[in-house]
Amino acid sequence: MLTADDVRRIALSLPEVVEKLSWGMPTFRAGPGGKIFAALEGDDRVIGVKCPKEDRDELIAAEPGKFFIRPGHDEPYAWLRVRLAALEDEDELRAVLADSWRQAAPARLLRAHPDVGLPPAT
């Protein structure tokens with residue numbers, strides 16, 4: 001089962017990520033002073049990640065045991081909650097975190113690291 005340590009290790013392996021405590025929980029930011037792209041919930045069983053609002057409903061409908069939003073809190077934001085226990089493996093966690101990183105990273109980081117989160121070329 002994936003843990004908070006796995007989230008931390010993978011998140012911090014992405015380019016120029018810093019960890020900062022916010023609202024009493026670890027958050028991961030793309031670049032110093034950058035935007036939050038992931039946050040560990042208080043019980044370390046759930047992470048919040050960036051997700052375009054237009055994609056959320058489809059993800060939640062397809063896998064409600066894996067993806068959800070916190071009613072009354074997440075609706076106005078491009079944010080999605082992910083249950084760590086529902087993820088298949090580290091590769092899926094890495095894909096979720098990398099996708100979120102790409103949405104939060106400043107343009108200069110995206111230009112410097114265009115392949116982060118993209119599937120390997122075949």
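As the structure is a prediction and not an experimental result, all values here were calculated from the model.

## With respect to the overall build of the chain
Okay, step 1: In terms of helices and strands, the chain carries four helices and six strands.
Okay, step 2: Written out in order from the N terminus, the α and β elements of the chain read α-β-β-β-β-α-β-β-α-α.
Okay, step 3: The C-alpha atoms of the chain give a radius of gyration of 14 Å, which matches the 14 Å a tight globule of 122 residues would have.
Okay, step 4: On the principal axes, the C-alpha backbone points of the chain span a range of 40 × 35 × 30 Å.

## Some words on unusual backbone geometry
Okay, step 1: Here the phi dihedral of E16 falls at roughly 50 degrees; this positive angle occurs in a residue that is not glycine.
Okay, step 2: By relative accessible area, E16 is classed as partly exposed at 38%.
Okay, step 3: Backbone geometry at D44 places phi at a positive 60 degrees, although glycine is not the residue there.
Okay, step 4: Tracing the sequence through the fold places D44 in the loop between β3 (36–40) and β4 (46–50).

## Description of the pattern of salt bridges
Okay, step 1: The full count for this structure, using the stated rule, is ten salt bridges.
Okay, step 2: In this structure, R108 engages E16 in a salt bridge whose closest nitrogen and oxygen atoms are separated by 2.8 Å. Note that R108 is positioned in helix α4 (residues 107–112) and E16 in the loop between α1 (4–13) and β1 (17–22), a separation of 92 residues in sequence.

## Description of the nonpolar core
Okay, step 1: The biggest cluster of nonpolar side chains holds 29 residues, and the ones touching the most others in it are F37, I47, L93, L97 and W101.
Okay, step 2: Listed by contribution, the elements that provide at least two residues to this core are α1, β2 (25–30), β3, β4, β6 (79–83) and α3 (90–104).
Okay, step 3: In terms of residue count, α3 provides more of this core than any other element does, six residues in total.
Okay, step 4: Among residues more than four places away in sequence, those in contact with I47 are V7, A39, L40, E41, L80, R81, V82, L84, L93 and L97.

## Concerning the side chain of S22
Okay, step 1: Secondary-structure assignment places S22 in strand β1.
Okay, step 2: Residue S22 is classed as buried on the basis of its relative accessible area, which comes to 10%.
Okay, step 3: Engagement of the side chain of S22 in a polar contact is seen with the side chain of R29, the distance being 2.8 Å.
Okay, step 4: In contact with S22, other than residues within four places in its own chain, are T27 and R29.

## Examining the environment of Q103
Okay, step 1: Inspection of the secondary structure puts Q103 in helix α3.
Okay, step 2: Residue class for Q103 comes out partly exposed when judged on its relative accessible area of 30%.
Okay, step 3: In contact with Q103, not counting residues within four places along its chain, are K50, C51 and P52.

## Some remarks on the sheet that holds β1
Okay, step 1: With antiparallel pairing, six strands are arranged side by side in an open sheet as β1-β2-β3-β4-β6-β5. Each edge of the sheet is formed by a strand with only one pairing partner; in this case those strands are β1 and β5 (67–68).
Okay, step 2: Relative to β4, β3 runs antiparallel, the two sharing three bridges. Looking at the pairing, A39 lines up with G48 of β4.
Okay, step 3: Packed onto the sheet, α3 meets β1, β2, β3, β4 and β6 and runs at close to 40 degrees relative to β4.

What counts, and at which threshold
Residues numbered from 1 in each chain as written. Predicted model: local features only at pLDDT ≥ 70, side-chain atom pairs only at ≥ 80, totals over all residues. Heavy atoms only, no water. Helix = DSSP H or I, 4+ residues; strand = E, 2+ residues; numbered from the N terminus. Rg over C-alpha atoms; globule rule 2.2 N^0.38 Å. Buried < 20%, exposed > 50% of the residue type's maximum accessible area, 1.4 Å probe, protein only. Salt bridge = Lys/Arg side-chain N within 4 Å of Asp/Glu carboxyl O. Core = buried A, V, L, I, M, F, W, Y, C linked by side-chain atoms within 4.5 Å. Contact = heavy atoms within 4.5 Å. Polar contact = N/O pair within 3.5 Å; in protein donor to acceptor, adjacent residues only side chain to side chain. Pairing = 2+ DSSP bridges. Axes fitted to C-alpha atoms, helices over the stretch in contact; angles between N-to-C directions.

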